[in-house]
Amino acid sequence: MSEILKGRAWVFSDDVDTDLIYHNKYLAETDPKNMPQYAFEYYPGKENFAKEVKPGDFVVAGKNFGCGSSREHAVYCLEYAGVPCVLAETCSRIYYRNAINNGYPVLFVKGISEAIKEGKIKDGDQLEVELATGTIKDVTNGNTFHGDAVSDLENDIMKAGGLMNYMKAIEEAVKITDDINARYDAFANAEASLINNALVVPMGMSIPAYIATRLNYWEGQYASTGFSNKRLKGIHVLDHYI
């Protein structure tokens, strides 16, 4: 049986932009551990979120959550506050990519926007969330909602702790200067981590194949996936945007 997360609901409306999640006046802060104190400070009615949120609580929102800028602060301020995931009908593409690339789950829950407007889920409701199935149960009122389960790829990235682990692996590989075989193995392991866990590798399209702008330090730029001695190991094409 998969893990069931339990916590209170903090309910928000549609179109919650990144300024409302984490205001731009605090962008100079670079330590994620200090970011939760500013979460939702400028959201009307939720000014005390940072003081009152408890680890395990959920952020529940309607459509287009996280629209606006690309700041990762809007992800970190929730993650480091102990909010295990965001439940929203939809969220901006870039917020979603920031979240998953940092190993932070977002569940898309069809109909949750109307449920919020109709009072079928409210602030303080006790929720049970199963990431593996996308099932959300409101224990307070008995309502059940069905979201998109976290995919295997997303789950792998979350288990890895996000794509930043790739950069850390690269940094460690660079430090190895006295053993060429160990250095190669370290770079190869970092590459494997990226290929296996990356949601986004910058791509272009050129006849007759997909082109990656760059995958690693020793790969030639614009290496084709389908031919030549600079062939990439593989490409995974998704049927939905990320």
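Structure: above.
Residues numbered from 1 in each chain as written. Predicted model: local features only at pLDDT ≥ 70, side-chain atom pairs only at ≥ 80, totals over all residues. Heavy atoms only, no water.

(A) Just the overall build of the chain, in detail. If you tally the helices and strands in the chain, you get 8 helices and 10 strands. In the chain, which comprises 242 residues, the proportion classed as buried is 44%. Counting contacts in the chain only where the partners sit at least 6 residues apart, residues at least 24 apart contribute 61% of the total. Carbon and sulfur atoms make up 50% of the accessible area of the chain, which amounts to about 13100 Å² in all. (Helix = DSSP H or I, 4+ residues; strand = E, 2+ residues; numbered from the N terminus. Buried < 20%, exposed > 50% of the residue type's maximum accessible area, 1.4 Å probe, protein only. Contact = heavy atoms within 4.5 Å. Areas by Shrake-Rupley, 256 points an atom, 1.4 Å probe, with all protein chains shown as cover.)

(B) Local environment of the nonpolar core. Among the nonpolar cores identified, the biggest contains 32 residues, and Phe40, Phe49, Phe65, Leu78 and Tyr95 are the most heavily contacted of them. Looking at this core, the elements with two or more residues in it are strand S2 (58-61), helix H3 (73-79), strand S3 (86-88) and helix H4 (93-101). Each residue touching Phe40, except ones within four places of it in the same chain, is listed here: Phe12, Val16, Leu20, Ile21, Lys46, Glu47, Phe49, Val59, Phe65 and Leu78. Among the nonpolar cores identified, the runner-up in size contains 18 residues, and Phe58, Leu87, Ala115 and Ile136 belong to it. (Core = buried A, V, L, I, M, F, W, Y, C linked by side-chain atoms within 4.5 Å.)

(C) Quick look at the packing of aromatic side chains. For the structure shown, the criterion picks out 12 aromatic pairs. Centre to centre, the rings of Trp10 and Phe49 are 4.8 Å apart; their planes meet at 75 degrees, and the pair counts as edge-to-face. Remark: Phe49 occurs in helix H2 (residues 49-52) and Trp10 occurs in strand S1 (residues 4-11); sequence separation between them is 39 residues. Neither residue differs from the other here; Trp10 and Phe49 are each classed as buried. Between Tyr96 and Phe108 the ring centres are 5.1 Å apart and the planes differ by 50 degrees, which places this aromatic pair in the tilted class. Here Phe108 lies in strand S4 (residues 106-108) and Tyr96 lies in helix H4, a separation of 12 residues in the sequence. Taking the relative accessible area as the measure of exposure, Tyr96 reaches 6% and is therefore buried. Here the aromatic residues Trp10, Phe12, Phe40, Tyr43 and Phe49 are joined through ring pairs into a cluster of three or more. One residue, Lys46, lies across the ring of Phe12, its end atom 4.9 Å from the ring centre. (Phe/Tyr/Trp six-rings, centres within 6.5 Å; stacked < 30°, edge-to-face > 60°. Lys NZ or Arg CZ within 6 Å of the ring centre and 35° of its normal.)

(D) Structural context of the pairing of S1. Pairing geometry for S1 and strand S5 (residues 126-130), over 5 bridges, is antiparallel. Paired with Leu5 across the bridge in S5 is Val129. Pairing of S1 with S2, which is carried by 3 bridges, proceeds in the parallel orientation. Considered in S2, the bridge of Ala9 is made with Phe58. (Pairing = 2+ DSSP bridges.)

(E) Here's a closer look at the sheet that holds S3. Strands sit in the order S4-S3-S2-S1-S5-S6-S7 across an open sheet of 7 strands; the sheet is mixed. Two strands lie at the open edges of the sheet, namely S4 and strand S7 (144-146), each paired on one side alone. Taking each pair of neighbouring strands and ignoring which way they run, the sheet shows an average axis angle of 30 degrees. Here strand S6 (residues 135-138) pairs with S7 via 3 bridges, running antiparallel. Across the sheet, Thr135 pairs through a bridge with His146, a residue of S7. (Axes fitted to C-alpha atoms, helices over the stretch in contact; angles between N-to-C directions.)

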